[in-house]
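A closer look at the structure
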Amino acid sequence: MARVCNRFFRSLHSILVPSITIIGFSCLLTFFFVLYQPTRGPGDTQRLGWQSWDIVSLHPSADNVNNIDHEIGNPSQPTTEDHDAGVDWWNVTAPDASPIDSTSLPLDVWAPLLPHDTGLSEIAVVRCMFDLTVIDLCTPSSPTSDDAIKGKWVRVPRDLNLQSGMWHLLLYYRRTRRRDVPLISDIRLLPSDVAPSGSGDWVKAPLSLRDGVVRAPPLFLWYRKDKTLQDLSNDERQSLITEVDVIYGDGEPWYGFERLSPPTTEKSARSENVSITIRRGVKVPPPAPPLHFSRDGRFKIMQIADLHFSVGAAPCLDPTTPCDGGAYAYTESLVGRVLDEERPDMVVFTGDQLNGQGTTWDAASVLAKFAAPVISRRIPWAAVFGNHDSEDARESGFRGDQMRLMQGLPYSLVQAGPEDVYGVGNYVLKVWSADASKTHLLTLYFLDSGSYAAGFLDWFGFLRPVEYDYIHQSQIDWFLQESGSINPIVRPFVPDGGQDLGDLWKRQQQPPVQQKLAKPNALMFFHIPLQESYSAPDTDPRTGLPLDVGSSDLEGQSAGKKNGGFFKNGLLRAVETPHRGAGGIPEVKVVGNGHSHVTDNCRRVKGVWLCFGGGGSFAGYGKVGFDRRFRIYDISDFGETIRTYKRLQDDEILDEMVLSGHGAPEPYVW
């Protein structure tokens, strides 16, 4: 019996030990290559300064934004300093009390948004057989002495063979601050049988930029090593190559970068163009000027909803007219024409800038071009996220990554918002008076309505959530806190200052207006509509008709199935003034949504107008007979009157109406 038991346990041991070893080793490999996502620790966001750790970031955190605004003169918060007579306060550039010290920026991290003025000393093209998400195993070998002189190798983490090729193909470069090392002044991409002309020490990267791509003619990178830093003049330093990037598709390169020709991957039926881009010198994006009313009390906002741009030039969906050149080119032309006709003071993108659905596998390439018509006209702009913006997040970056990219664009007003509030992009902007008093006259709230509701597993991509997200409780609390911090003003506002004396007699002849102490009017923007957008509308006491103007029956309801209570517990609780005699008028007069491309109505529910923008892009779905359109909010009387209408692609003005102020329906009575 003992012998039988001994044999049994020996056989069991011989089976279990190898099995447990194999299973344990498999779990270990799964952990390291699938589950484990290491970071560089504090060094990823910090730098080692002189005897201390200092944050490296051009964009302040939400917790410190108010303090930094006052310290460095952020244009979104006007200062109260006196300026020369006759000079508008918003045209005065406040000196930066904390300029970026480029000598303190890290040299061994690829961060194309940082304003590096340090030149490059060497470039390499490297073939790599491994996915470098976890660890970099393909850095070119280099002795320590070369690293000390030329700088450490920095990887540009954007694969040249992302869409084609048998292996990964990456660019590496060195960056150095030494004054005795020749720096790169020019880069050219040439076929194998062509050498660059011109003076200078030209160096050829041995590996082709099309290595691993079948039947692709070789293309080689040449760079010219020119003068050392100590021999460069100031003008030559401005033309020094300071950064290298890779962009996919045919859109605009990132601000300050120029595209090198030809592309390393040619556009085909299965792939988009892949191009190397470079930046010369330092190109700091111009900041947005402070938002302010005109001297006659006007401020215009143009809403652009649901662009749905992809990396490539996607075909037009449901075009109402012939669409040449693809959806992006056609939409960009349309947006530019409407901008020139309306001349808005501000543009608001209300979500789904990215198409998702597998077509925006590189968010940076799409975000570099989505606001190009607005940026080229130097118009301040803000944005919120939609449900499609992070659908390709694993490949192109999550909302936080996209927010940092948008903050690096010219004239951007976007903010990430508090980290302890649900979503990314919950923030407030204020519009000020044009006179010397710089009075806060209009509030603009921006919220992240999320993408898809939690509670559904997305296990290895097989099961995907099907319910739209909603405004969460932390966002409601944040909104009420922000609303409660806004100081009341005397309304209607009367401008102050010597420049208004010319109209003094005219204003004296007008009948007196009853004034009140209340918060400024407010507008709010987020992507996915509330359930209340489909509730029964208020009735106009003048006509007895429902206050619902526009199309709302061309598609189904698109609100989230769960109601977080934002309308009741947020919008209706934030009133102009807490005094009972004021009647409980909501502070937020208008909520602007996107999401539903062929819905464009404005419906008033319990005193709050819930408006859809309507689709403005040929890259998103439409409907034959329903032109692309853009909603305009024309605010006048120093914020008291809010008028809206839609401009269609054929320049028709549709459904012009007054939402609040003189000529609007009577306020809702509680």
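Residues numbered from 1 in each chain as written. Predicted model: local features only at pLDDT ≥ 70, side-chain atom pairs only at ≥ 80, totals over all residues. Heavy atoms only, no water.

Topic: the overall build of the chain
Helices and strands together make up the secondary structure of the chain, namely 12 helices and 26 strands. The buried share of the chain, taken over its 670 residues, is 49%. Of the roughly 32,800 Å² of accessible surface on the chain, a fraction of 54% belongs to carbon and sulfur atoms. (Helix = DSSP H or I, 4+ residues; strand = E, 2+ residues; numbered from the N terminus. Buried < 20%, exposed > 50% of the residue type's maximum accessible area, 1.4 Å probe, protein only. Areas by Shrake-Rupley, 256 points an atom, 1.4 Å probe, with all protein chains shown as cover.)

Remarks on the nonpolar core
Ranked by internal contacts, the top residues of the largest apolar core, which has 101 residues, are W381 and L444. Once residues within four sequence positions are removed from consideration, L444 is found in contact with L291, I301, M346, Y427, V428, L429, V431, L523 and F525. (Core = buried A, V, L, I, M, F, W, Y, C linked by side-chain atoms within 4.5 Å. Contact = heavy atoms within 4.5 Å.)

Brief notes about helix α9 (residues 399-407)
The complete set of buried residues in α9 reads R399, Q402, M403, L405, M406 and Q407. Lining the buried residues of α9 we find α6 (363-370) and β14 (381-384).

Overview of the packing of aromatic side chains
Summed over the entire model, instances satisfying the criterion amount to 16 aromatic pairs. Ring centres of Y452 and Y468 lie 5.9 Å apart, and the angle between their planes is 25°; this geometry places the pair in the stacked category. One end of the pair, Y452, is in the loop between β16 (440-446) and α10 (473-484); the other, Y468, is in the loop between β16 and α10, with 16 residues separating them in the sequence. Of the residues examined, Y452 reaches a relative accessible area of 23% and is grouped as partly exposed. Under the relative-accessibility criterion, Y468 is labelled partly exposed at 27%. (Phe/Tyr/Trp six-rings, centres within 6.5 Å; stacked < 30°, edge-to-face > 60°.)

Quick look at the sheet that holds strand β4 (residues 153-156)
Taken together, the 3 strands give an open sheet; going across it, the order is β3-β5-β4, and neighbouring strands pair in antiparallel fashion. In the strand order of this sheet, the two ends are held by β3 (120-128) and β4, each with one partner. Averaged over all pairs of adjacent strands, the angle between strand axes in this sheet comes to 30°, irrespective of strand direction. Across 8 bridges, the pairing between β3 and strand β5 (residues 168-175) is antiparallel. (Pairing = 2+ DSSP bridges. Axes fitted to C-alpha atoms, helices over the stretch in contact; angles between N-to-C directions.)

Digging into the side chain of S121
Mapped onto the elements, S121 comes out in strand β3. Within the structure, S121 has its side chain in polar contact with the backbone oxygen of K150 (distance 2.8 Å). (Polar contact = N/O pair within 3.5 Å; in protein donor to acceptor, adjacent residues only side chain to side chain.)

Side note on the state of the cysteines
This structure, assessed with the given rule, holds 2 disulfides. Each sulfur of the disulfide joining C128 and C138 lies 1.8 Å from the other. On the S-S bond that ties C128 to C138, the torsion sits near 60°, and the link is right-handed. With C128 in strand β3 and C138 in the loop between β3 and α3 (144-150), the pair connects residues that are 10 residues apart, well separated along the chain. The two residues C128 and C138 agree in class, both being buried. (Disulfide = S-S within 2.5 Å.)

A closer look at α10
Relative to the 16 Å expected for 12 residues at 1.5 Å per residue, α10 spans 16 Å between its end C-alpha atoms, a close match to the ideal helical length. Turning to α10, its buried residues number three or more, namely Q475, I476, W478, F479 and S483. Looking straight down α10, one finds its buried side chains confined to an arc of 165°; they lie on one side. Within α10, the exposed residues directed more than 90 degrees away from the buried face are Q481 and G484. Check the buried side of α10 and you find it contacts β15 (427-432), β16, β19 (521-525), α12 (566-571) and β21 (588-593). (Expected span 1.5 Å × (residues − 1). Arc of directions from axis to C-beta.)

Some thoughts on the sheet that holds strand β12 (residues 299-304)
Read across the sheet, 6 strands follow the order β14-β13-β12-β24-β25-β26 without closing on themselves; strand pairing throughout is mixed. Edge positions in the sheet fall to β14 and β26 (653-660), since each has one partner strand and no second. In this sheet, neighbouring strand axes are inclined to one another by 20° on average, regardless of whether the strands run parallel or antiparallel. The pairing of strand β24 (residues 629-636) with strand β25 (residues 641-648) spans 8 bridges and is classified as antiparallel. Note on β25: the bridge partner recorded for S636 is T641.

Digging into the environment of I123
With respect to the helices and strands, I123 occurs in strand β3. A relative accessible area of 6% places I123 in the buried class. Distance from I123 to V203, taken between C-alpha atoms, is 9.1 Å for residues 80 residues apart in sequence. Discounting chain neighbours no more than four positions away, the residues touching I123 are W153, Y172, Y173, I184, I187, L221 and Y223.

Taken by themselves, the reported measurements are silent on function.
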